[in-house]
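Structural description and commentary
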Amino acid sequence: MNYIDPSINAFYVQSVEESRLKIGLGPLEFERNKDLISRYLPASNGIIADIGGGTGHYSMWLASLGHQVILVDPVMKHIRQAEKRSHKSRFPFKAVLGEARQLPLADNSVDVVILHGPLYHLQDEAERIAAIKEARRVLRIGGIVLGFAITYAAFTLAALQNGMIHHPDVFSMCKEELSTSCHYPPDSFPGLLTQAYFHRPSTLIAEFEFAGFKPIDLLAVEGIAWIDNKYFESWSSNEQRMRLLELVKLTEKDVELLCLSPHIMLAAEIQLF
């Protein structure tokens, strides 16, 4: 059974998701995501659904904090890697093959739902809404959903910074993203992220509200730190890394800077009518 578009599955089968958070901007993303997620976790012994959790980096971290974690991912390769990680860890978690629009979880059964990949791998708005409604179904009253999205200008800013904006195929891709939020990697760059949807902050808020959620916070993940033209040199210095993280935290809620961050996170609670 194919849980997702075959092209998306093929991308993750061929890519190395296992090491993504260890290279490039991955360490900044991982550090910030853990900081942001930790703000909305139960004090202890919560039940966390890690949807689109990949190979289990976040699930293992959450389990180490004393929570019961269920990772759901549509890519079998990821499930096998997550199971291997869980079996080797002192903090096991459960990994289940499935996808965000039809979660293999009971109604009102979890305290926190984390939506990683679903919001940017479902290009159709109705499918994204269906995934968000599924999160609402499985959440307990008082629970929190954390939705992660890629911002619509992310690839354009990266292409400007690395000089690739002047390649005709990249320029065409960026124009499509800026005008429609839909990302289609050109054939001339097969290593780029497969087809995806890149959110405007206002669109992300609107989708969660339509699905029956009340937004609590909208926060930048990497923020503006990655724009440092000596970013990797700075990140390798403890003092400079701490300064960059302080800068991100200082600006994380600035709505006028949100689209400078490659990723953003929306925290929301169930709207009671």
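Residues numbered from 1 in each chain as written. Predicted model: local features only at pLDDT ≥ 70, side-chain atom pairs only at ≥ 80, totals over all residues. Heavy atoms only, no water.

**Description of the sheet that holds strand 5 (residues 139-150)**
Heads up, the rule is: DSSP-based pairing: two strands are paired if at least 2 bridges between them are found. By definition, any uninterrupted DSSP run of H or I lasting at least four residues is a helix, any uninterrupted run of E lasting at least two residues is a strand, and each is numbered from the N terminus. Fitted lines through C-alpha atoms serve as axes, helices being fitted only where they are in contact, and the angles separating the N-to-C directions of these axes extend from 0 to 180 degrees. For this analysis, residues touch if any pair of their heavy atoms sits within 4.5 Å.
Taken together, seven strands build an open sheet; the order of strands is 3-2-1-4-5-9-8 and the sheet is mixed. Each having just a single partner strand, strand 3 (94-97) and strand 8 (213-220) make up the two edges of the open sheet. Here the average twist between neighbouring strands, direction ignored, is 20°. Looking at chain direction, strand 4 (residues 110-115) and strand 5 are connected through five bridges and run parallel. Within strand 5, the residue paired with Val-112 across the bridge is Ile-144. Packing of helix 4 (residues 76-88) onto the sheet brings it into contact with strand 2 (68-73) and strand 3, and relative to strand 3 it is tilted by some 165°.

**Here we look at the packing of aromatic side chains**
Any aromatic ring pair is given by two values, namely how distant the centres are and how the planes are angled relative to each other. This is how the line gets drawn: When two rings of Phe, Tyr or Trp (its six-membered ring) have centres within 6.5 Å they constitute a pair, described as stacked for plane angles under 30 degrees, edge-to-face for angles over 60, and tilted for the intermediate range. In this scheme, a residue with accessible area under 20% of its type's maximum is buried, one over 50% is exposed, and one in between is partly exposed, where area comes from a 1.4 Å probe on protein chains only. Charge-over-ring contacts are defined here by two conditions on Lys NZ or Arg CZ: a distance within 6 Å of the ring centre and an angle within 35 degrees of the ring normal.
One pass over the full model with this rule turns up five aromatic pairs. Measuring from ring centre to ring centre gives 5.2 Å for Phe-155 and Phe-198, while their planes differ by 45°; the resulting arrangement is tilted. Of the two residues, Phe-155 is situated in helix 7 (residues 154-162) and Phe-198 in the loop between strand 7 (196-197) and helix 9 (201-210); the sequence distance between them amounts to 43 residues. By the burial criterion, Phe-155 is buried, and Phe-198 matches it. One residue, Arg-128, lies across the ring of Tyr-197, its end atom 3.6 Å from the ring centre. The side chain of Arg-241 reaches across the aromatic face of Trp-235, ending 5.7 Å from its centre.

**Remarks on unusual backbone geometry**
Non-glycine residue Asn-45 carries a positive phi angle of around 55°. Positionally, Asn-45 belongs in the loop between helix 2 (26-38) and strand 1 (47-51). On the basis of relative accessible area, Asn-45 is assigned to the exposed category, the value being 60%. Notably, Asn-108 is not glycine yet its phi reads approximately 50°, a positive angle. Within the secondary structure, Asn-108 is located in the loop between strand 3 and strand 4.

**Notes on the side chain of Glu-252**
You can see Glu-252 is positioned in the loop between helix 11 (238-251) and strand 9 (263-270). Look at Glu-252 and you get buried, because its relative accessible area is 5%. In this structure, Glu-252 is in contact with Arg-32, Leu-36, Arg-39, Leu-218, Leu-219, Ala-220 and Leu-258, ignoring residues within four places of it in sequence.

**Points about the nonpolar core**
Just so we agree on the cut-off: For our purposes a nonpolar core is just a set of buried Ala, Val, Leu, Ile, Met, Phe, Trp, Tyr and Cys residues, chained together by side-chain atoms within 4.5 Å.
Ile-51, Val-113, Leu-115, Val-145, Leu-204, Phe-208 and Phe-213 are the most contacted members of the largest nonpolar core, which has 31 residues in total. Residues in contact with Leu-115, not counting those within four places in the same chain, are Ile-51, Ile-132, Ala-135, Val-145, Leu-146, Gly-147, Phe-148 and Phe-208.

Interpretation note: all reported values are geometric properties and have no functional meaning in isolation.
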